[in-house]
Amino acid sequence: MRRLLTALMLVTIVVPMVSTAQLAPATDKPFVVEYYYKAKWGHADEFLKLFKKNHYPVLKKEAEMGRIAKVWVDQPRYHTTEDGRWDFRVTIVFKNATVANEPFDEAALQKQLYPDQDTFQREEQRRFEILDAHWDLPVKVMDLDAKP
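Residues numbered from 1 in each chain as written. Predicted model: local features only at pLDDT ≥ 70, side-chain atom pairs only at ≥ 80, totals over all residues. Heavy atoms only, no water.

Chemist: Explanation requested: the sheet that holds strand 3 (residues 88-94) in the structure shown.
Modeler: What links the strands of a sheet is backbone hydrogen bonding, and the strands pair in either a parallel or an antiparallel sense. Read from one edge of the open sheet, four strands run 2-3-1-4, paired in antiparallel fashion. Strands at the two margins of the open sheet, each flanked by one partner only, are strand 2 (68-74) and strand 4 (131-139). Averaged over all pairs of adjacent strands, the angle between strand axes in this sheet comes to 15°, irrespective of strand direction. Bridge count between strand 1 (residues 31-39) and strand 3: seven bridges; the pairing is antiparallel. (Pairing = 2+ DSSP bridges. Helix = DSSP H or I, 4+ residues; strand = E, 2+ residues; numbered from the N terminus. Axes fitted to C-alpha atoms, helices over the stretch in contact; angles between N-to-C directions.)

In structure tokens, the structure reads:
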């Protein structure tokens, strides 16, 4: 029983460390994250209006600072099934994985860009109230011509 508990403790400590080490991308390469937004029916235009007014300027400021290399939004041309539906995909290319995952005080930028914080907070709350779903997906760019 003691050996089993020791082995179990070892596995719970070592496996996450190994998994994290294997998944950690090189810090000198761009790090891409896709952010998906599924608005409640009839509210996609309102969501986009609020996103462009309150969040996009923050992302542009982060790009000016060098934290973000590129940001863009995609919208599906056609519809899908309801369970797979999304209305907007915001793709952010961060400078590298370290920058993408280190703590960043976005609130300071928001206060600088939006002195009327009451309005800003109310509109940001509304932007998320009209969502049915939101998820983030870090993606790995594949080089299909690279040698194995």
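Chemist: I would appreciate a short explanation of the packing of aromatic side chains in the present structure.
Modeler: All chains considered together, the criterion is met by seven aromatic pairs. Taking the centre distance of 5.3 Å and the plane angle of 80° together, the rings of Y36 and W86 count as edge-to-face. Linking Y36 in strand 1 with W86 in the loop between strand 2 and strand 3, this pair joins segments that are 50 residues apart in sequence. In this structure, Y36 and W86 share a single accessibility class: buried. Arranged with centres 4.7 Å apart and planes meeting at 20°, the rings of Y114 and F120 form a pair that is stacked. As far as the burial class goes, Y114 and F120 line up, both buried. Through successive ring pairs, a cluster of aromatic residues spans Y37, F47, F51 and F88. One residue, K70, lies across the ring of W72, its end atom 5.0 Å from the ring centre. Directly above the aromatic system of W41 lies the positively charged group of R85, at a separation of 4.5 Å from the ring centroid. (Phe/Tyr/Trp six-rings, centres within 6.5 Å; stacked < 30°, edge-to-face > 60°. Buried < 20%, exposed > 50% of the residue type's maximum accessible area, 1.4 Å probe, protein only. Lys NZ or Arg CZ within 6 Å of the ring centre and 35° of its normal.)

Chemist: What am I meant to see in the nonpolar core here?
Modeler: Nonpolar side chains in soluble globular proteins generally cluster together in the buried interior. Ranked by internal contacts, the top residues of the largest apolar core, which has 19 residues, are Y35, Y37, F47, L59, V90, I92 and F94. Looking at this core, the elements that each hand over two or more residues are strand 1, helix 2 (44-65), strand 2, strand 3 and helix 3 (97-101). Tallying contributions element by element places strand 1 first for this core, with five residues. Sequence-distant contacts of I92, defined by excluding residues within four places in its chain, comprise F31, V32, V33, Y35, L59, I68, K70 and V71. (Core = buried A, V, L, I, M, F, W, Y, C linked by side-chain atoms within 4.5 Å. Contact = heavy atoms within 4.5 Å.)

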